[in-house]
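Geometric and topological summary
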Amino acid sequence: MNAASRPRAPATRLAHAGRQAIPLTNAPLAPPLYQSAVGRFESLEQFEAIYTGQAPGYFYYRYGTPNHALFESAVADLEGAEAAVAASSGMAALAATLLALLTPGDHVLVDRYVYGGTYALLTGELARQGIEASFVDLDDPAALARASRPRTRLLLLETLTNPTLRVTDLPALSRAAHERGWLVCVDNTFTTPYLMQPIAHGADLVWHSASKYFAGQSQAMGGVIAGAQALVARIRACVTRLGVAPGPFDVWLALQGLSTLALRLERASQNALEIARYLAQHPAVAQVHYPGLPSHPQHALARQLYPHGYGGMLAFELAGGKEAALAFLKRLQLIAFVPSLADVTTTVSYPPATSHRHVPAELLAAMGIRPGLVRLSVGIEAVEDLLADLDQALRALP
Ligand SMILES: *Cc1c(COP(=O)(O)O)cnc(C)c1O
């Protein structure tokens, strides 16, 4: 019997249901989800051509899918970078970067205000691999030179620091680093390429937690790092070998988030500025940290570097200290207590117990993080409802 005309058994037809390629002459409007762990090949020649990058196509999940490629090229374009590679989280992107670019005995200089996860990675796993880190106070202009060593390779920065929203002088620090031959790697999670493009200010590499503003709705986890093709190729090899590529659904969510990023950040920046002004005149508030306020010590630098808005992150200190902060968190009704940021809804966090809980008390004090400090991640709601919630929660605090 001819194999082609012979009817196949139901078990075979079921197993193969939907697996035929559908030849399309037009394209879907929205990016489809490529939830397929592996591609199929017509021949060894086709496999070789795709594996070696001579023909377009995709191979195996861990090496990426069309969803990864779309997300990576969108981020590279927005950051003004030659290339980008996605990872399963912001931390995975950073870990792959540092493992790809550094060898034992190398030294990195790190802003002492970096994200807690960055601090933990450098002082934990990377320290055990013989990669050394110094945490420096970048408000002190001589600090870089003092901490510099013969094997310093990299300067790690953030655009606006957590939680006190210090504005990093990226142009000046990039110049200082390049004079010494160091690479500059910037965490742009708080500001996104809509508000800040570190590469245009001299950075070599820029990375994100895509779990935050990119996806924007607290549903995805992901990371991405962008820079020159030669550097990204080394990082991509490390992402693939470590197996820290994201799943396509998370990448798909992050890509979908990009389409509304401009609108979300415009609204969040407007809301945050209005809230900062309101808090600054409230008697229960001792201090407000927001780069858009003229009272911010680096407001002039912020105006220069952030012409499109100052973002949705702000922190403030309650005059009543820890007791007032804890009462405030409990009283908020619309604004949820969440140890993360960048959701479409406004959330509040208490850095002394969340992001900075492992930082010793004397270092916290030096960083301006006092027990009354709370941080807001301002969302896209109508600002009058946010002000009303803050107002009722601030009334008659201890
Ligand atoms: C959340 C965050 C990270 C880490 O990203 P993950 O996706 O959680 O791994 C890094 N930097 C900043 C500023 C963050 O807020």
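Residues numbered from 1 in each chain as written. Predicted model: local features only at pLDDT ≥ 70, side-chain atom pairs only at ≥ 80, totals over all residues. Heavy atoms only, no water.

**Remarks on the sheet that holds strand β12 (residues 373–377)**
The sheet built from five strands is open, its strands ordered β8-β9-β12-β11-β10 with mixed pairing. In the strand order of this sheet, the two ends are held by β8 (285–289) and β10 (336–337), each with one partner. Set on the sheet, helix α13 (residues 321–331) makes contact with β9 (313–318), β10, β11 (347–349) and β12; between it and β9 the angle comes to about 125 degrees. (Pairing = 2+ DSSP bridges. Helix = DSSP H or I, 4+ residues; strand = E, 2+ residues; numbered from the N terminus. Contact = heavy atoms within 4.5 Å. Axes fitted to C-alpha atoms, helices over the stretch in contact; angles between N-to-C directions.)

**Focus: empty space enclosed by the protein**
Under the criterion given, the structure shown has four cavities of 30 Å³ or more. Counted as a void, the largest cavity has a volume near 60 Å³. R62, Y63, G64, H68, E72, V85, A86, R236, V239, T240 and A245 are the residues that line the largest cavity. Looking at the lining of the largest cavity, the elements with two or more residues in it are α3 (66–79), β1 (83–87) and α9 (229–242). Here the lining of the largest cavity gets three residues from one element, more than from any other, and that element is α9. Split by residue class, the lining of the largest cavity holds five nonpolar, three polar and three charged. (1 Å grid on protein atoms, 1.4 Å probe; cavity = no way out; pocket = protein on both sides within 12 Å on 5 of 7 lines; lining within 4 Å. Points joined across faces, edges and corners; volume = space filled by probe spheres on them. Nonpolar A, V, L, I, M, F, W, Y, C, P; charged D, E, K, R; others polar.)

**As for the domain arrangement of the protein**
By the assigned domains, the protein splits into domain 1 (64–258) and domain 2 (261–395). With centres defined by C-alpha atoms, the gap from domain 1 to domain 2 works out at 24 Å. Residue-level contacts link 31 residues of domain 1 with 38 residues of domain 2. The contact between domain 1 and domain 2 buries some 3000 Å² in all, and 64% of this surface belongs to carbon and sulfur atoms. The interface formed by domain 1 and domain 2 contains 11 residue pairs in polar contact (both at pLDDT 80 or more). The set of elements that each furnish at least two residues to the side of domain 1 that touches domain 2 consists of α7 (170–179), α8 (192–195) and α10 (248–258). The element contributing the most residues to the side of domain 1 that touches domain 2 is α8, with three residues. (Domains from an automatic or database assignment. Buried area = accessible area lost by both parts, 1.4 Å probe. Polar contact = N/O pair within 3.5 Å; in protein donor to acceptor, adjacent residues only side chain to side chain.)

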